[in-house]
Amino acid sequence: MKNVLFVFHLIRARCFWPAVNHSSLLGVDMDGGSVLAAALLYWSCGVCVVSALHRTDLVSYGALSGDLILAEGDDETSRVLTLPRPLYFYDTPFHQLYVATNGIISAQDLPMEKQYVDDGFPTDFPVVAPFLADIDTSGGRGHIYYRVTETPSVLNRVAQEVRRGFPDAKFAPTHAVVATWENVAAYEDQTQGTELSNKVNTFQAVIGYDETDSYTLFLYPEDGLNFFGTQPKELYNVKIELPARVGFSRGEVTFFIFSRSEGPFYSVTTDEKSVKRLSQVGNTGIPGVWLFHTGNRHSFENIIPAAIGGLLSTLPPEGHALSPVTLMFPFSRTLKMTQTFTLPSSRFQQQCSQNAICSDYATGFCCHCRPGFYGNGRQCLPDGAPQRVSGKVSGTVTVGSFPIVLDNIDLHAYIVVGDGRAYTAISQVPEPVGWALMPVSPVGELFGWLFALELPNSQAGFKTTGAEFTRHAEVLFNPGNQRLSIIQTGSGLDEHNHLRVETIVSGHVPLLPPGAEVTVQPFKETYQYYPSVITSSSVREFVVVSAERGSQSYTFHLKQNITYRDCRHDNRATPETLQITMERVFVMYVKEERILRYAITNKISPVGDDELLNPCYVGNHDCDTTAQCIPLEGQAFKCQCATGYTGDGHNCYDIDECAEGSDLCGDHSQCLNLPGSHRCQCWEGFEMAFDGRNCSRSHESCAHTARPSSRMRPDCSHCPSGSNTSALKMYVYNFFVDIDECSSSPCHINARCINDLGSFRCHCQPGFHGDGFYCALQEASTSRPESVCERWRASLMEHYGGKPDPQQYLPQCEPAGEFSPVQCYGHTTYCWCVDENGREVPGTRSHDVVKPACLPSVTPPTARPLPRPNVTPPPNADVTLLYAQGQKIGALPLNGTRLDSSRSRTLLTLHGSIVVGIAYDCKENQVYWTDLSARTINRASMVSGAEPEILINSNLVSPEGLAVDVKRRLMFWVDSSPDVIESANLDGSRRRILFDTDLVNPRAIIVVSSTGTLYWTDWNREAPKIESSSVDGLNRRVVVSDGVGLPNALTYDSSSGQVCWADAGTKRLECISPNGSGRRVIHPTLNYPFSMVYYRNHFYYTDWRRDGVIAVSKDSSKFTDEYLPEQRSHLYGVTIATTYCLPGKINI
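For clarity, every value in this text was computed on a predicted model and none was experimentally measured.

About the cut-offs
- Residues numbered from 1 in each chain as written.
- Predicted model: local features only at pLDDT ≥ 70, side-chain atom pairs only at ≥ 80, totals over all residues.
- Heavy atoms only, no water.
- Helix = DSSP H or I, 4+ residues; strand = E, 2+ residues; numbered from the N terminus.
- Buried < 20%, exposed > 50% of the residue type's maximum accessible area, 1.4 Å probe, protein only.
- Contact = heavy atoms within 4.5 Å.
- Areas by Shrake-Rupley, 256 points an atom, 1.4 Å probe, with all protein chains shown as cover.
- Disulfide = S-S within 2.5 Å.
- Salt bridge = Lys/Arg side-chain N within 4 Å of Asp/Glu carboxyl O.
- Pairing = 2+ DSSP bridges.
- Axes fitted to C-alpha atoms, helices over the stretch in contact; angles between N-to-C directions.
- Core = buried A, V, L, I, M, F, W, Y, C linked by side-chain atoms within 4.5 Å.
- Phe/Tyr/Trp six-rings, centres within 6.5 Å; stacked < 30°, edge-to-face > 60°.
- Lys NZ or Arg CZ within 6 Å of the ring centre and 35° of its normal.
- pLDDT = per-residue confidence, 0-100.
- Patch = residues over 30% accessible without salt bridge, like charges linked within 9 Å, V, L, I, M, F, W, Y side chains within 5 Å.
- Lys, Arg positive; Asp, Glu negative; His and termini not counted.
- Charge placed at Lys NZ, Arg CZ, Asp CG, Glu CD.

Novice: Mind showing me how you'd approach the overall build of the protein chain here?
Specialist: Assigned secondary structure in the protein chain consists of 12 helices and 76 strands. Buried positions account for 54% of the 1148 residues belonging to the protein chain. Within the protein chain, counting contacts between residues at least 6 apart in sequence, those at least 24 apart form 57% of the total. Carbon together with sulfur atoms contributes 51% to the accessible area of the protein chain, which is approximately 49100 Å² in total.

Novice: What exactly am I supposed to notice about the state of the cysteines here?
Specialist: Put plainly, a disulfide is one covalent bond tying together the sulfur atoms of two cysteines. The tally for this structure, following the rule as stated, stands at 10 disulfides. Between Cys369 and Cys380 runs a disulfide, and the two sulfur atoms are separated by 2.1 Å. Disulfide Cys369 to Cys380: torsion about the S-S bond roughly -90 degrees, handedness left-handed. Of the two residues, Cys369 is situated in strand 22 (residues 365-369) and Cys380 in strand 24 (residues 380-382); the sequence distance between them amounts to 11 residues.

Novice: How do you make sense of the pattern of salt bridges when you look at a structure like this?
Specialist: Opposite charge on two side chains allows them to pair when their charged atoms are near. Per the counting criterion, the structure on display carries 28 salt bridges. With a shortest N-O distance of 3.2 Å, Asp835 and Arg839 are connected by a salt bridge. Put simply, Asp1121 and Arg898 hold a salt bridge, and the shortest N to O gap is 3.6 Å. Here Asp1121 is found in strand 75 (residues 1119-1123), whereas its partner Arg898 is found in strand 54 (residues 898-899), with 223 residues between them in sequence. The exposure class of Arg898 is partly exposed, given its relative accessible area of 44%. Look at the salt bridges and you will find they share partners, linking Asp998, Lys1025, Glu1027 and Arg1036 into a network.

Novice: I would appreciate a short explanation of the sheet that holds strand 75 in the present structure.
Specialist: Each strand in a sheet pairs with another by means of backbone hydrogen bonds, the pair being arranged parallel or else antiparallel. Spatially, the 4 strands line up as an open sheet ordered 72-73-74-75, and their pairing is antiparallel. Two strands in the sheet have a free side with no partner beyond their single neighbour: strand 72 (1089-1095) and strand 75. Put simply, the sheet's adjacent strands are angled 20 degrees from each other on average, direction ignored. In terms of strand pairing, strand 72 meets strand 73 (residues 1098-1103) through 6 bridges, oriented antiparallel.

Novice: How do you make sense of the pairing of strand 69 (residues 1058-1063) when you look at a structure like this?
Specialist: The two faces of a sheet get side chains in turn, since along a regular strand they alternate between them. With 6 of 6 residues buried, strand 69 lies mostly within the body of the structure. Where burial is concerned, the two faces of strand 69 agree: the one with Gln1058, Cys1060 and Ala1062 and the one with Val1059, Trp1061 and Asp1063 are both buried. For strand 68 (residues 1047-1053) and strand 69, the ladder comprises 6 bridges, and the chain directions are antiparallel. Looking across to strand 69, one finds that Leu1050 is bridged to Trp1061.

Novice: Quick question: what am I supposed to make of the nonpolar core here?
Specialist: Across soluble globular proteins, you tend to see nonpolar side chains buried next to one another. Counting 67 residues, the largest nonpolar core has Ile426, Phe447, Trp449, Leu450, Phe451 and Leu484 as its most contacted members. The contact partners of Leu450, leaving out residues within four places of it in the chain, are Ala460, Gly461, Phe462, Thr465, Phe469 and Leu499. Within the second largest apolar cluster, 47 residues are counted, among which are Cys854, Leu910, Ile952 and Phe1090.

Novice: Would you mind showing me how to read unusual backbone geometry here?
Specialist: Most peptide bonds take the trans configuration, and most residues that are not glycine carry a negative phi. For the bond running from Asn478 to Pro479, omega is 0 degrees, close enough to zero to count as cis. Its place among the elements puts Pro479 in the loop between strand 29 (468-478) and strand 30 (483-493). Even without a glycine there, the phi angle at Asn955 is positive, about 55 degrees. Here Asn955 is to be found in the loop between strand 59 (949-952) and strand 60 (959-965). Even without being glycine, Lys1067 reaches a positive phi, approximately 70 degrees.

Novice: Help me understand the sheet that holds strand 63 (residues 992-995), please; the structure alone is not making it clear to me.
Specialist: Spatially, 60-61-62-63 is the arrangement adopted by the 4 strands of the open sheet, whose pairing is antiparallel. Strand pairing shows two members of the sheet lacking a second neighbour, strand 60 and strand 63, which therefore form its edges. Direction aside, neighbouring strands of the sheet carry axes that sit 25 degrees apart on average. Where strand 60 meets strand 61 (residues 970-975), 5 bridges bridge the pair, whose relative direction is antiparallel. Bridge pairing in strand 61 places Pro959 opposite Asp975.

Novice: How should the packing of aromatic side chains be read in this particular structure?
Specialist: By convention here, two paired aromatic rings are described through the distance between centres and the angle between planes. By the definition in use, this model includes 30 aromatic pairs. Between Phe451 and Phe462 the ring centres are 5.3 Å apart and the planes differ by 25 degrees, which places this aromatic pair in the stacked class. In this pair, Phe451 sits in the loop between helix 7 (442-450) and strand 28 (453-454) while Phe462 sits in helix 8 (residues 462-465), placing the two residues 11 residues apart along the sequence. The pair formed by Phe451 and Phe462 is uniform in burial state, with each residue classed as buried. Each ring, one from Phe542 and one from Phe556, has its centre 6.0 Å from the other, and the planes form 45 degrees; the classification is tilted. Remark: Phe556 occurs in strand 35 (residues 550-564) and Phe542 occurs in strand 34 (residues 533-546); sequence separation between them is 14 residues. On the basis of relative accessibility, which here comes to 2%, the residue Phe542 falls in the buried class. Each residue in the set Phe218, Tyr220, Phe248, Tyr266 and Phe292 is aromatic and connected to the rest through ring pairs, giving one cluster. Sitting over the face of the ring of Trp832, Arg845 holds its NZ or CZ atom 4.3 Å from the ring centroid.

Novice: Any chance you could explain the confidence of the model for the protein chain here in plain terms?
Specialist: Interpretation of this model should avoid reading the predicted coordinates in detail wherever pLDDT is low. For the protein chain, mean pLDDT is 79; residues scoring 70 or higher make up 79% of the total. Here residues 309-350 scores under 50 on pLDDT; set against residues more than four positions off or in separate chains, the count is 103 contacts. Per-residue pLDDT stays below 50 along residues 862-867; that stretch engages in 9 contacts with residues further than four places along the chain or on separate chains.

Novice: Where do I start with a negative patch on the surface in this structure?
Specialist: Negative charge collects at one region of the surface, where Asp119, Asp124, Glu262 and Asp648 lie side by side. Residue Asp119 is classed as partly exposed on the basis of its relative accessible area of 41%.

Novice: How should the pairing of strand 31 (residues 499-509) be read in this particular structure?
Specialist: Sheet topology note: the strand 25 (residues 387-399)/strand 31 ladder contains 9 bridges and is parallel. In the strand pairing of strand 31, Ser394 is matched with Ile504. Pairing of strand 30 with strand 31 involves 8 bridges; the strand directions are antiparallel. Note on strand 31: the bridge partner recorded for Leu484 is Gly507. What sits between the antiparallel neighbours strand 30 and strand 31 is a turn of 5 residues, in which Asn497 has the positive phi angle 70 degrees.

Spelled out as structure tokens, the structure:
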């Protein structure tokens, strides 16, 4: 009782208690009253409001404190600040610092502000950023002070904060760097004649260090932040504000001798809201005070924030109560644990995702995903990352009067979460039922709802149900009254974070003619939300078109309910209704491959919301498929790489957490990298602990006799909680128990599961082969020997001891065993292209963030039997874009300058091909193309039923770009392996080499018929360029080479007479006159362009990030339209086909 009174005395006296010895209060040798006292003290300090930081609480600054003053201006950098002893930032010693106007401190002289001030982390140079934004102190608008000091009062202040934030740290600073920005203003463009704002900011950074460690304080007084971001200088008339960046970046890191890579970085803020809260919250228990461990001499992976009490101290919004507080107790004595311990302790945290926290409430516990992840807490996925689904389909479907059994056939789905695009494929579907199931898009709609694009005030289904649910749907067709039942069961996430869903279909469906096409109309559907169940009901329309029956209209009535495990203990508000909008529904049955496909674009919003036109909601943004599109004001948006990925949002790359974090997994386990995440896997005979990273052989369990009554509420503790502290201590030791994993059927259906102590094994049944998780029928013809790539990879893995370092090379192989076209050193962007034998393609080595644009050299598997490759042109199309997509040529009609996706279709299917270059002859209405797989050049008439004709099939290695001179009846192409440019008549005769020297990686080629001029690109990574010559090979010259990175795409603007190119390296679309004058940027931020065509003041280019066709207006320099094919894969060449020859006809 004395302990309790003591706690309440402390609470009444003061909630801020830096002098209290944490370990003495929280040691496990305390009696029950002491534990309760400590808990009450932590709890009370978590919920009381700590007074904010005042300006007088900043470390002393100004001339009287010995500070130097930075010159006034918009982009000033201090003179070098020489340090008396080196400061360790991350694990690197630095001997000097610079302070800059724009709210940062750096260890090297800064570049011009336009190279960094509007960009996010990481930066190219070392940065400590208390408030990185475009700051301007011109005209006396604020002052910036800085110094390095050994003043005892400053060092004691830093030491005291570190002892509070890192109780185990033995840190005695010898020096401190103090930088203060006082009443500084944001840069404002005064040419507009507007009055300057009176909003100014005050903040401070203090770096304390000794011979081994550095710690950094960011201080924000309560009235110190009045603007939270700045406007970019070079955005013409677009008014957007970029939030300030707060955090740390190591800068580029040199590895080997010749290459550099992005270093680690740490962001404190993510958006304007988090910037606003800098002075309202903190990680030290005091609002406005932020503390970080920023360097160590011996080993340092990334920034470590302080976290007193385990949570940030937050000010509650007006009119709202504080949320429940999770109390984190560090145990450091008898138990010798370095992990945090939650009170009440974490109930077999295996019930929550490893990316979630377990929170106790009055009636029980709930799981909540951590920031950067989404889900229902029991399963959490990285924000913004694409999601995959795998499972089986079984049941009996009666087509007409014929019952057909589906026996565990494969279902796979791929969802681009940032767009709400869901692609579903069901394999080995027998032909009669394949045609008949085309209208049954609800099979794939489930995945669209789970991962729909979220509009404001809504949430996709996965955030409600997680990965464990059961969906019952009934489809009633009209006319005919056929009834089909669909049951889909989500059984969790597999080891790759893929959602597992089993589907059972049974009942009757209408008989559809072979070869029929089905069009499902876009629709909206309202979902009703109740505790643990969601329901909906809707009527759909679809049209069936066939040669036998013409056009027929049908409807079906869909009724469904989705049941899931709900957690109501937190009393959170849930929506009563939400509306799913399915804008595009594409269905197709591929007879030759026996694959049934559904492709659906999904958005979820409150019922009745008007259409929002921000690109994030419309889907025509240019963010990477592994990035989130974050809407800003009006039409503005920003791209942010998904959790577990790094990049600028337009180009994102998976982070190999296993390679970057050596201590992610504990003893007796190995770290396995996943897209956007990782997992820890225990060695055989060991079992995972609740924390998801440590493994143990222990198999003891809790003494359940300690449970006082059956009415005791469920909570986060595996053992009962309460005043019985012996049970609390026992929990730490006794949470391991052998689990019969075989009870959850983890193995393949044709495998046997064997439960072991702490583990399990899967063995394929006799007659099958595989790893037990997947077993295939043992047939001599299906097995293949290990490929050269796979043997080399296995040999190097053994050489590296099973775990290569991030900078070590490991061959990347495709699933079929061939070399991946792009090879890289570990988790770096030091990459190059290889041929089918793994040999490096000269001139392709990339040293920057953009990987080289390598083309595949091995064709995808070919389905049998092969269909006849007949031409099927789109009807009633005067102007059509033709694009190459691997094994097909697609046709996309234009309506004016808009992309008419409703009339798009496959012009020509070419199984076993890799179509790259494409051109069109308007006089003969013929399409020409290069085939990288067959090593041929071909053509076909664009009339229904026409078949391809091979023109050239010898002495070609890697034919890529192709151009047709309509006037002279010639064609020109580049071959990127022998590095030549050739020409021939349109029938393939009179072939000749134009150029075979001074070429490294030629790609795009165009011909201007009206002037008889050739232009081509060479993306040689050492010296990229664009050249020209006459059509007979004379007058060769370089048109442009400066400021060129990876010029993939090339076209001609007939209205201005300029040559235009799209560059995957610089990300720019630019134009220049043939004489080298008049160069201008049309668009500065493309994604990954490959090929391009110009028509009526618009550029249309294929994009490897979006896997679609993008339209850009030359007049407005804006994206105006986008087409994303239903089947997702890279698009290559693009050209324009017209029913008449355009004036001054050229071929692009």
